[in-house]
There are 2 protein chains.
Amino acid sequence: MSEGREQRVLDALEQNRRRTPKFTAPRIDMSHGAGGKATSKLIEGLLLPAFDNPALAPLSDAALLSFGDAQFAMSTDSYVVRPLVFPGGSIGELAVNGTVNDLAVSGATPISLSAALIVEEGLETGALVHEIEAMSTAARNAGVSIATGDTKVVERGKADGLYITTTGIGVADPELNLSSASVRPGDKILCSGTLGDHGAAILIARGDLELEAEVLSDTRVLTPLVRVLKETAGSGLRFMRDPTRGGVGTVLNELARDSGYGVALWEGNIPIRDVVHGACEILGIDPLYVANEGKLLAVVAPEGADVALEAVRSTDGGEEASIIGEIREEPAGMVLMHTRFGGTRMIDMLVGDPLPRIC
Amino acid sequence: MSEGREQRVLDALEQNRRRTPKFTAPRIDMSHGAGGKATSKLIEGLLLPAFDNPALAPLSDAALLSFGDAQFAMSTDSYVVRPLVFPGGSIGELAVNGTVNDLAVSGATPISLSAALIVEEGLETGALVHEIEAMSTAARNAGVSIATGDTKVVERGKADGLYITTTGIGVADPELNLSSASVRPGDKILCSGTLGDHGAAILIARGDLELEAEVLSDTRVLTPLVRVLKETAGSGLRFMRDPTRGGVGTVLNELARDSGYGVALWEGNIPIRDVVHGACEILGIDPLYVANEGKLLAVVAPEGADVALEAVRSTDGGEEASIIGEIREEPAGMVLMHTRFGGTRMIDMLVGDPLPRIC
């Protein structure tokens, strides 16, 4: 690391330390679960100080832990999506793919999951069987075992049918150094496909929008895409995330903040389906903040970016991949969109919760 | 293993296979979460066939998994206890101790936990802070880190304040062979203290019972008790469980069923507080089915049982330990109580759910 670069990262870290958000809300509201600014405040202002430890501190999707000589990754997520079944998937499939993907984007190879179910009294057995089978199929597709589990039942009105918490364990890859501190100006931002499909599918399934077009959730396991990226980009692979809750807008804001560099996006290169654009326009939200459940965002060194892009495009689930932006020196800590019309606009952190219970 | 013994275990396993319960209920009700017969049917009739794999098959509290050369244990539990705070503890403390204990009784040394929170919109921040701090303190006491987490918020009326799912990872002990297949006639059943305290504390805290006496939950980390048992009983330590949901009655019925041997209990040796007896009498339930959250049940070879008992009694949380029964050839697959009055009665699996949302 050059001396100027090192100073820059130290400055960014120091600035983050100084501006650790205080959590001042008297009650928890829906925005605290949305993955945006309010969630950050809850996590960084309240949870992180209490649970302070080196594994949790980087706040990535998976924690890296040592286990004898080996390193492993651990990740957990609760799934509370409503409705339980939606076009393109269901909560059971989401619960497996989501946790497998959090491990995969940390560079780890997922091996085992646990599954904890909180069932509302009165749930039809058929609905439960559907989700158990969806989990089983998704686990088989992802090459992981569901090794242990738990089932609790709560009274009617004390849940919403079914909540699932999955926790995954994977073998970490010691060759990789994926981190916001690894990115450099000039690095390219690769997106594996169209954005906002999952969130739009859920909204349409809820009947919140009067749209005739059907959008399918993009829920899928990302391990094949991660594998080709590792193979083609090698040590030029700097950073990976799956932009779920909070969307690409949130992931890139965190990257800009934590790296101390700027992120430039090219609107014309960002793949978004017309129907997703339409749904977002009706709601007055930017599709960049809408959740994805089968998309990969990767930062790769410029020299290998084209080869990596071609490899991703040749892989199932990566056909519509695109280079959507790059890392720049300026504007430091911010995300700047270059619009189709030649203008620019800032992409800030998500405020509030326009799309609750999306995952 | 002697040939007769081997045949006996094989017969028991074969019998279990033949009588795998079918899950025929059209809807999920509270009994499916109670840890008794209905929960067994749900798990063995529905979940186990779908998730079929070698780690899950033994259905112990923790799965044993291989990770390169090492073996590790993984365990998960959702906590839905109501009220969130009760005499002697709270949901956050329970969520850490419970999962740490599931690892400890599998013989593993707990190292890391994940924590996933499902928060109901409107929960007071102070209540959340109380649980975060309880988790942090419990984790420090247990010597584990909370390495990763997740927070979701659901709308008012879609949860009951706060649900917590913890998943734990521990290093397995290759020297131990803890299993229902390891027990032999003559082995003693050691119980680390009074039974039913946690369940009674919750019931009294809910105001379901008009009792003046206060009972404190026994929630505590069991690793110190497990350590002294390992040290004193060595390879004579055959089986350990923490009798939580479903109580000692359920654990011992499962042990009898899976080992093919009988379990004899001596009522006069079973430590139960008068107030817990009183609460159970009002409810018409047997304290043997009431949940404990800081008690250890161990089966130890007869030659080392007295030394192990003394060691447990000299350890914090084991002062009231007792040998409550033993393994016998007959009645095969059943639990028989020898009462104070010289009679006997069968202790069957728990049916229904007299005590919902206890953990």
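Draft legend 1. Spatial organisation of the pattern of salt bridges. A full pass over the atoms with the stated rule returns 46 salt bridges over all chains. The partner of A:Glu155 in a salt bridge is B:Arg357, with the nearest N and O atoms 2.4 Å apart. Residue A:Glu155 is found in the loop between strand E6 (145–154) and strand E7 (162–171), and its partner B:Arg357 is found in the segment after strand E14 (344–347); the two belong to separate chains. Looking at A:Glu155, the relative accessible area reads 17%, which means it is buried. Taking the shortest distance from any N to any O, the salt bridge between B:Asp173 and B:Lys230 comes out at 3.8 Å. You can see B:Asp173 sitting in the loop between strand E7 (162–171) and strand E8 (188–191) and its partner B:Lys230 sitting in helix H6 (residues 223–233), a full 57 residues away along the chain.

Draft legend 2. Structural view of the side chain of A:Asp150. Tracing the backbone shows A:Asp150 in strand E6. With a relative accessible area of 6%, A:Asp150 lands in the buried category. When near neighbours in sequence (up to four residues on either side) are disregarded, A:Asp150 contacts A:Ala115, A:Ala116, A:Leu117, B:Thr76, B:Asp77, B:Ser78 and B:Arg245.

Draft legend 3. Quick look at the relation of the copies chain B and chain A. Overlaying chain B on chain A yields an RMSD of 0.0 Å, the required transformation being a rotation through 180 degrees with an accompanying axial translation of 0.0 Å. What we have between these two chains is a two-fold relation. Looking at the rotation axis and the C-alpha trace of chain B, the residue lying nearest is B:Ala159, at 2.3 Å. Mapped onto chain A, 99% of the interface residues of chain B again fall at the interface, so both copies present the same surface.

Draft legend 4. Representation of the sheet that holds strand E13 (residues 335–338) of chain A. All names here are of chain A. In spatial order, the strands read E9-E11-E8-E12-E10-E13-E14; together these seven strands make up an open sheet with mixed pairing. In this open sheet, the two strands that pair with only one neighbour each are strand E9 (237–241) and strand E14 (344–346). Mean inter-strand twist for the sheet, computed between neighbouring axes without regard to direction, equals 25 degrees. As defined by bridge partners, strand E10 (residues 262–266) adjoins strand E12 (residues 322–328) across four bridges and the pair is classed as antiparallel. Bridging from a neighbouring strand, Leu265 pairs with Gly325 of E12.

Draft legend 5. A look at the pairing of strand E13 (residues 335–338) of chain B. Residue and element names in this part refer to chain B. Bridge analysis of strand E10 (residues 262–266) against E13 gives four bridges, and the strand direction is parallel. Looking across to E13, one finds that Leu265 is bridged to Met337. Two elements, E13 and E14, share four bridges in a ladder whose sense is antiparallel. Pairing of Met337 across the sheet is with Arg345, part of E14. Joining the antiparallel neighbours E13 and E14 is a turn of five residues, in which Gly342 adopts a positive phi near 90 degrees.

Draft legend 6. Expanded view of the packing of aromatic side chains. Tallied over the entire structure, the rule returns one aromatic pair over all chains. Look at A:Phe72 and B:Phe72: their rings are 6.2 Å apart centre to centre, the planes differ by 25 degrees, and that puts the pair in the stacked class. Taken together, the residues A:Phe72 in strand E2 (residues 70–79) and B:Phe72 in strand E2 (residues 70–79) connect one chain to another. On the basis of relative accessible area, A:Phe72 is assigned to the buried category, the value being 1%.

Draft legend 7. Expanded view of the interface of chain B and chain A. Across the boundary between the two partners, chain B contributes 75 residues, which contact 75 residues of chain A. Buried surface at the junction of chain B and chain A, both sides included, amounts to about 6,300 Å², of which 66% is carbon and sulfur. At the junction of chain B and chain A, the tally comes to twelve salt bridges. With a shortest N-O distance of 3.4 Å, B:Asp77 and A:Lys152 are connected by a salt bridge. Inspection of the chain B/chain A interface yields 34 residue pairs in polar contact (both at pLDDT 80 or more). For the side of chain B that touches chain A, the secondary structure elements donating two or more residues are helix H2 (37–50), strand E1 (63–67), E2, strand E5 (109–120), helix H4 (125–142), strand E6 (145–154) and E7 of chain B. The element contributing the most residues to the side of chain B that touches chain A is E6(B), with ten residues.

Draft legend 8. Spotlight on the packing of helix H6 (residues 223–233) of chain A against helix H9 (residues 305–313) of chain A. Residues and elements named next belong to chain A. Relative to each other, H6 and H9 sit at 150 degrees, their axes nearing to 9 Å. Taken together, the axes of H6 and H9 are roughly antiparallel relative to one another. Crossing angle aside, the handedness with which H6 passes H9 is right-handed. Two secondary-structure elements touch here, H6 through Leu225, Val228, Leu229 and Thr232 and H9 through Val307, Ala308, Ala311 and Val312. The class makeup of the residues in the contact of H6 with H9 is seven nonpolar, one polar and no charged.

Draft legend 9. Helix H3 (residues 91–105) of chain A, seen in detail. Residues and elements named next belong to chain A. Under the 1.5 Å per step criterion, the end-to-end length of H3 is 21 Å for 15 residues, consistent within 8% with the ideal 21 Å. Of all 15 residues in H3, 14 are buried; the element is thus mostly enclosed. Following H3 by one or two positions, Gly107 adopts a phi angle in the positive range, close to 95 degrees.

Draft legend 10. Representation of the state of the cysteines. Residues and elements named next belong to chain B. Counting across every chain of the model gives zero disulfides over all chains. Free of any disulfide, Cys191 has its nearest neighbouring cysteine sulfur in Cys280, separated by 14 Å. Since its relative accessible area comes to 0%, Cys191 is described here as buried.

Draft legend 11. How the structure looks around the packing of helix H4 (residues 125–142) of chain A against H2(B). Packing of H4(A) against H2(B) leaves a shortest axis separation of 8 Å and a crossing angle of 35 degrees. Contacts between H4(A) and H2(B) involve A:Thr125, A:Leu128, A:Val129, A:Ile132 and A:Ser136 from the first element and B:Leu42, B:Leu46, B:Leu47 and B:Ala50 from the second. Of the residues contributing to the contact of H4(A) with H2(B), the split by class is seven nonpolar, two polar and no charged.

Draft legend 12. How the structure looks around the confidence of the model for chain A. Scored by pLDDT, chain A has a mean of 91; 93% of the residues are at 70 or more. Among the scores for the predicted complex, ipTM is 0.92 and pTM is 0.93.

Draft legend 13. Summary view of unusual backbone geometry. Omega for the bond connecting A:Arg82 with A:Pro83 falls within 30 degrees of zero, at 0 degrees, which places this linkage in the cis form. With respect to the secondary-structure elements, A:Pro83 resides in the loop between E2 and strand E3 (85–86). The step from B:Glu330 to B:Pro331 runs through a cis peptide bond, and the omega angle for that step is -5 degrees. Relative to the helices and strands, B:Pro331 resides in the loop between strand E12 (322–328) and E13. In the Ramachandran plot, A:Arg357 falls in the positive-phi region, its phi being about 55 degrees despite a non-glycine side chain.

Draft legend 14. Representation of the environment of A:Val275 within the structure. Residue and element names in this part refer to chain A. Structurally, Val275 is set in helix H8 (residues 274–283). With relative accessibility at 19%, the residue Val275 sits in the buried group. Along the chain, Val275 and Glu214 lie 61 residues apart, while their C-alpha atoms are 8.2 Å from each other. Beyond its immediate chain neighbours, meaning those up to four positions away, Val275 contacts Leu211, Ala213 and Val215.

Draft legend 15. Representation of the pairing of E7(A) within the structure. All names here are of chain A. Across the ten residues that make up E7, a large majority, nine, are buried. Sheet topology note: the strand E5 (residues 109–120)/E7 ladder contains ten bridges and is antiparallel. From the neighbouring strand, Ala116 faces E7, where its bridge partner is Thr165.

Calculation notes
For every chain, the first residue of the written sequence is number 1, and numbering continues from 1 onward in sequence order. A letter from A marks each chain and a number from 1 marks each ligand, given out in the order of writing. In keeping with the model being predicted, local features are shown solely for residues with a pLDDT of at least 70 and side-chain atom pairs are shown and tallied solely at 80 or more, while totals for entire chains, interfaces and linings include all residues. Note that the side-chain values use all heavy atoms of the structure and ignore hydrogens as well as water. Salt bridge criterion: a side-chain nitrogen from Lys or Arg within 4 Å of a carboxyl oxygen from Asp or Glu. Under the DSSP-based scheme used, a helix requires at least four consecutive residues in state H or I and a strand at least two consecutive residues in state E, with every element numbered from the N terminus. The buried label applies to any residue whose accessible area, calculated with a 1.4 Å probe on protein chains only, is under 20% of its type's maximum; exposed applies above 50%, and partly exposed to all values in between. Every residue pair with non-hydrogen atoms within 4.5 Å of one another is taken to be in contact. The least-squares superposition of copies is restricted to C-alpha atoms, and to residues with a pLDDT of at least 70 in both copies. Being paired, for any two strands, means DSSP has found at least two bridges between them. An axis is simply a line fitted to the C-alpha atoms; with a helix, the fit covers only the stretch in contact. Between two such axes, the angle follows the N-to-C directions and lies from 0 to 180 degrees. In this analysis, rings of Phe, Tyr and Trp, with Trp reduced to its six-membered ring, are considered paired at centre separations within 6.5 Å, and the interplanar angle assigns stacked below 30 degrees, edge-to-face beyond 60, and tilted for intermediate values. Note on terms: buried area is the combined drop in 1.4 Å-probe accessible area of two parts once they are placed together, counting the loss on both. Pairing of N or O atoms within 3.5 Å defines a polar contact, subject to two protein rules: one partner must be a possible hydrogen donor and the other a possible acceptor, and residues neighboring in sequence count only if both atoms are side-chain atoms. Orientation labels follow simple angle bins: below 35 degrees gives roughly parallel, above 145 gives roughly antiparallel, 65 to 115 gives roughly perpendicular, and whatever is left gives oblique. Crossing handedness is read from the near helix: turned anticlockwise from the far helix by less than a right angle, it gives a left-handed crossing, and turned clockwise, a right-handed one. All amino acids are sorted into three groups, where Ala, Val, Leu, Ile, Met, Phe, Trp, Tyr, Cys and Pro are nonpolar, Asp, Glu, Lys and Arg are charged, and the leftover types, Gly among them, are polar. The span one expects for a helix is its residue count, reduced by one, times 1.5 Å. Note on terminology: pairs of cysteine sulfur atoms within 2.5 Å are recorded as disulfides. Per-residue confidence from the prediction method is given by pLDDT, with values spanning 0 to 100.

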